[in-house]
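Below, each chain spelled out in residue letters.
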Amino acid sequence: MGKIIDGKAISNALQERLKEQVAYFSMTVGRKPKLAVIMVGDDPASQVYVRNKIRACETVGITSEAYKLAESTESSYLETLIAKLNEDRDTDGILVQLPLPAHLNAKKIIPLIDPKKDVDGFSAANIGALLLDDKSGLYSCTPLGIMQLILSTGINLTGKHAVVVGRSNEVGKPIALMLLQHNATVTICHSKTEDLAAVTRTADVLVVAVGKKHLITADMVKEGAVVIDVGINRDDEGKLCGDVDFAGVEPKASYITPVPGGVGPMTIAMLMTNTLKAAKRNVQ
Ligand code: NAD
């Protein structure tokens, strides 16, 4: 019987600890850490994400400043706002909620955020810091959360085979680098991988970040593997589900994350962690 990793409980415990650390920061510095959240347009999923991020800020004691901009916002306006927030000494973190409307180019906008305030960890400087094992960098939140979930199982990753399915800049690539930092032997699979099942069957740790319902079935998983499901999909009844066939895989896994309630809650906790880290560096 597999053990279910309770991402919500781990995230809540992390936020409780953060609350104390944020309170200590606020007492010693004389102000709370501050996160600016910029959202352009009214994409319903983004609205939910932004609301949850602002709520998490309230929970841990971080000041949030939300900029909800009209869908028609011009690039130059956004660029000026980011420049202003980069300069503002009391703003510690800046986050631009993605996706942006089609007329705005995230590849042009994200690099404008000062890497020291890039709490999403999406800038080239921060991805480079991860690649170079520079711990002062701000690493991407979802992979940071995934690592916490993997480590919560007590597994020693040294020499273990970790297989990552998906090679996105936000999840697949950074989680592969983090697993490498922990001395795992890492394989990255993607849409062009031949015989995916043959690779995933050799995984001691399997991280799946694709966005395809039930891509990973029981026959693709090794007995006793740790399985982390990053995917967010809807099943035929419209309910949230991951990339892993949970019912089939759970009995084989030693540990497995559910969807919802696995990776999702961790991402926000790591965003709060990154904001505090950025704030501490900002006041040094
Ligand atoms: P993406 O679309 O950028 O990347 C998907 C990756 O999957 C690509 O690298 C592609 O090569 C690979 N892929 C596609 N089909 C495949 C196949 N048949 N076999 C193997 N690999 C295949 O997606 P992303 O941004 O990395 O997100 C992946 C999933 O994780 C999505 O469902 C997304 O919603 C979810 N997600 C969840 C969180 C969270 O906090 N829980 C955060 C980010 C992303």
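All values derive from a computational prediction rather than experimental measurement.

Reading guide: rules and limits
Residues numbered from 1 in each chain as written. Predicted model: local features only at pLDDT ≥ 70, side-chain atom pairs only at ≥ 80, totals over all residues. Heavy atoms only, no water. Near = heavy atom within 4 Å. Polar contact = N/O pair within 3.5 Å; in protein donor to acceptor, adjacent residues only side chain to side chain. Areas by Shrake-Rupley, 256 points an atom, 1.4 Å probe, with all protein chains shown as cover. 1 Å grid on protein atoms, 1.4 Å probe; cavity = no way out; pocket = protein on both sides within 12 Å on 5 of 7 lines; lining within 4 Å. Sits in = over half its atoms within 2 Å of the grid points. Helix = DSSP H or I, 4+ residues; strand = E, 2+ residues; numbered from the N terminus. Nonpolar A, V, L, I, M, F, W, Y, C, P; charged D, E, K, R; others polar. Pairing = 2+ DSSP bridges. Phe/Tyr/Trp six-rings, centres within 6.5 Å; stacked < 30°, edge-to-face > 60°. Lys NZ or Arg CZ within 6 Å of the ring centre and 35° of its normal. Axes fitted to C-alpha atoms, helices over the stretch in contact; angles between N-to-C directions. Parallel < 35°, antiparallel > 145°, perpendicular 65-115°, else oblique. Contact = heavy atoms within 4.5 Å. Buried < 20%, exposed > 50% of the residue type's maximum accessible area, 1.4 Å probe, protein only. Points joined across faces, edges and corners; volume = space filled by probe spheres on them.

Here we come to the site of the ligand. Within the structure, the ligand sits among 20 residues, and Arg-167, Ser-168, Lys-212, Ile-232 and Thr-267 are positioned closest to it. Take Arg-167: an N or O atom from its main chain is 2.8 Å from an oxygen atom of the ligand. Backbone polar atom of Ser-191 to an oxygen atom of the ligand: 3.1 Å apart, as the coordinates give it. Summarising the interface, the protein chains cover 71% of the accessible area of the ligand, which totals 860 Å² for the free molecule. Under a 2 Å grid-point criterion requiring more than half of the atoms, the pocket assigned to the ligand is the largest pocket. Top contributing element to the shell around the ligand by residue count: helix α10 (residues 263-282), with 3 residues. Of the residues assigned to the shell around the ligand, the class counts are 9 nonpolar, 9 polar and 2 charged.

Moving on to the sheet that holds strand β11 (residues 255-256). Read from one edge to the other, the open sheet built from 6 strands follows the order β1-β11-β8-β7-β5-β6, with strand pairing classed as parallel. Lying at the two open borders of the sheet, with one neighbouring strand each, are β1 (3-4) and β6 (185-189).

Further remarks concern the packing of aromatic side chains. Applying the stated criterion across every chain yields a total of 0 aromatic pairs. Taking NZ or CZ as reference, Lys-277 lies 5.7 Å from the ring centre of Tyr-139, over its face.

What follows is about the packing of helix α1 (residues 7-29) against helix α2 (residues 44-60). The geometry of α1 relative to α2 is characterised by a closest axis approach of 8 Å and an angle of 60° between their N-to-C directions. It follows that α1 is oblique to α2 by the angle criterion. Between α1, through Gln-15, Leu-18, Lys-19 and Val-22, and α2, the contact on the second element is made entirely by Ala-56, Thr-59 and Val-60. Looking at the contact of α1 with α2, its residues break down into 4 nonpolar, 2 polar and 1 charged.

When a strand is regular, its side chains alternate between the sheet's two faces. Of the two faces of strand β8 (residues 226-229), the one carrying Val-226 and Ile-228 and the one carrying Val-227 and Asp-229 are both buried. Here strand β7 (residues 205-208) pairs with β8 via 4 bridges, running parallel. Counterpart to Val-207 in the pairing with β8 is Ile-228. One ladder, built from 2 bridges, connects β8 with β11; its direction is parallel. By the bridge assignment, Val-226 is partnered in β11 with Tyr-255.

With that settled, the discussion passes to the environment of Ala-129. Looking at the element boundaries, Ala-129 is found in helix α5 (residues 124-131). Using a relative accessible area of 7% as the deciding quantity, one classes Ala-129 as buried. Distance from Ala-129 to Tyr-139, taken between C-alpha atoms, is 8.0 Å for residues 10 residues apart in sequence. Discounting chain neighbours no more than four positions away, the residues touching Ala-129 are Asp-134, Gly-137 and Tyr-139.

Moving on to the layout of surface pockets. Taking a probe equal in size to a water molecule and rolling it over the atoms shows the remaining empty space. Of the pockets and cavities examined, the largest pocket occupies roughly 1,600 Å³. Tyr-49, Thr-142, Ile-232, Gly-264 and Thr-267 are, among the 44 residues lining the largest pocket, the residues nearest its centre. Contributing elements (two or more residues each) for the lining of the largest pocket: α1, α2, α6 (141-152) and α10. A per-class count over the lining of the largest pocket returns 21 nonpolar, 15 polar and 8 charged. The wall of the second largest pocket is formed by Leu-98, Ala-106, Lys-107, Ile-110, Pro-111, Phe-122, Ser-123, Ala-124, Ile-127, Asn-169 and Glu-170. For the lining of the second largest pocket, the secondary structure elements donating two or more residues are α4 (106-109) and α5. Split by residue class, the lining of the second largest pocket holds 7 nonpolar, 2 polar and 2 charged.

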